[in-house]
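Notes for the structure review
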Amino acid sequence: MEKSSPERTIAIVTAVMLGLVSVVTALGAWQAAVWNGIADEYAEDASDAQDVSINQGVLANYSLRLDQQTSAATAPYWFQLQSADEFETLYLEFAIRAQLARTTPGFADAWLEWADSDFVVEENPLVDPVYNAELRKSPDSYAYASSVLARAGEAQEARSGILAQAALIQALALFLFGISGVNRLRSVRIGVLALGVAVFLGGLALAVTAF
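Being a predicted model, the structure only gives us computed values, none of them experimental.

**Quick look at unusual backbone geometry**
A positive phi is found at Asp118, a non-glycine position, where the angle reads about 65 degrees. Summarising the element assignment, Asp118 is placed in the loop between α3 (107–116) and α4 (129–179). With relative accessibility at 66%, the residue Asp118 sits in the exposed group. For Phe119, which is not glycine, the phi torsion reads 55 degrees and is therefore positive.

Here you go:
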């Protein structure tokens, strides 16, 4: 015996909703996987940038200590130079240049200018903001890049998490659609079907917030 028109309509709606929820859930799972992949890439890049920042920071600290030590070691030669004879002057100038050659680029010229100013504290190249900024720019840049990439990865994970929550809601909708035909009472079937539609729409609305 053929089903009545209302029964047939309920069956069609149930089948359509089952298919629609399945497709939406599959698309959500695929998008979540894509975002998880992007989050993993961001996390790897953030870790690499952090490692480089640490290495560059070690090098910056080493360069600073080298400049400090060289500055302290060169000062006595400079003081001796002020009262040296011609032969001693040649030796001391060579010694000063040899010492300063070990320093970071530009520090030698800045140190000589400082020495010419009779070592005025304010003109000490070691406390020059430009010098310190130049020394720290590489490690600080990588550290900043690492933090930005880490936040970007966390944002992608959060979006993926929303889709995961939406998938759980869609699974409940699938369950409701699946059991809607168990009860013989039409009113109960319609009620379960309507509840499934409401749950599906709620899951869909949650999923949309991830985009």
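Anyway, onward from the coordinates.
**Observations regarding the pattern of salt bridges**
Going through the model one piece at a time under the given rule, you end up with two salt bridges. When the shortest N-O distance is used, the salt bridge between Lys137 and Glu134 registers 2.8 Å. Here Lys137 pairs with Glu134, and both are found in helix α4, just three residues apart, close to one helical turn. Asp140 is the partner of Arg136 in a salt bridge, and the nearest nitrogen-oxygen pair spans 3.4 Å. Of this pair, Arg136 and Asp140 both sit in helix α4, separated by four residues, roughly a single helical turn.

**Quick word on the packing of helix α1 (residues 5–81) against helix α5 (residues 186–208)**
Contact pair α1 / α5: the axes reach a minimum separation of 11 Å and the direction vectors enclose 25 degrees. If you check the angle between α1 and α5, you find them roughly parallel. Regarding α1 and α5, the two cross each other, and that crossing is left-handed. Counted together, Pro6, Glu7, Ile10, Val13, Thr14, Met17, Leu20, Val21 and Val24 of α1 and Arg186, Arg189, Ile190, Leu193, Val197, Phe200 and Leu204 of α5 form the full contact between these two elements. Per-class residue counts for the contact of α1 with α5 are 12 nonpolar, one polar and three charged.

**Here's the deal with a negative patch on the surface**
On the surface, Asp40, Glu41, Glu44, Asp45, Asp48, Asp51, Glu154 and Glu157 cluster together to form a negatively charged patch. Mapped by element, the contributors of at least two residues to the negative patch are α1 and α4. Examining the composition of the negative patch, we find that six residues originate from one element, α1, more than from any other. Residue placement: Asp48 occurs in helix α1. The exposure class assigned to Asp48 is partly exposed, which follows from its relative accessible area of 48%.

Rules used in this analysis
Residues numbered from 1 in each chain as written. Predicted model: local features only at pLDDT ≥ 70, side-chain atom pairs only at ≥ 80, totals over all residues. Heavy atoms only, no water. Helix = DSSP H or I, 4+ residues; strand = E, 2+ residues; numbered from the N terminus. Buried < 20%, exposed > 50% of the residue type's maximum accessible area, 1.4 Å probe, protein only. Salt bridge = Lys/Arg side-chain N within 4 Å of Asp/Glu carboxyl O. Axes fitted to C-alpha atoms, helices over the stretch in contact; angles between N-to-C directions. Parallel < 35°, antiparallel > 145°, perpendicular 65-115°, else oblique. Left-handed = near helix turned anticlockwise from the far one by under 90°. Contact = heavy atoms within 4.5 Å. Nonpolar A, V, L, I, M, F, W, Y, C, P; charged D, E, K, R; others polar. Patch = residues over 30% accessible without salt bridge, like charges linked within 9 Å, V, L, I, M, F, W, Y side chains within 5 Å. Areas by Shrake-Rupley, 256 points an atom, 1.4 Å probe, with all protein chains shown as cover. Lys, Arg positive; Asp, Glu negative; His and termini not counted. Charge placed at Lys NZ, Arg CZ, Asp CG, Glu CD.

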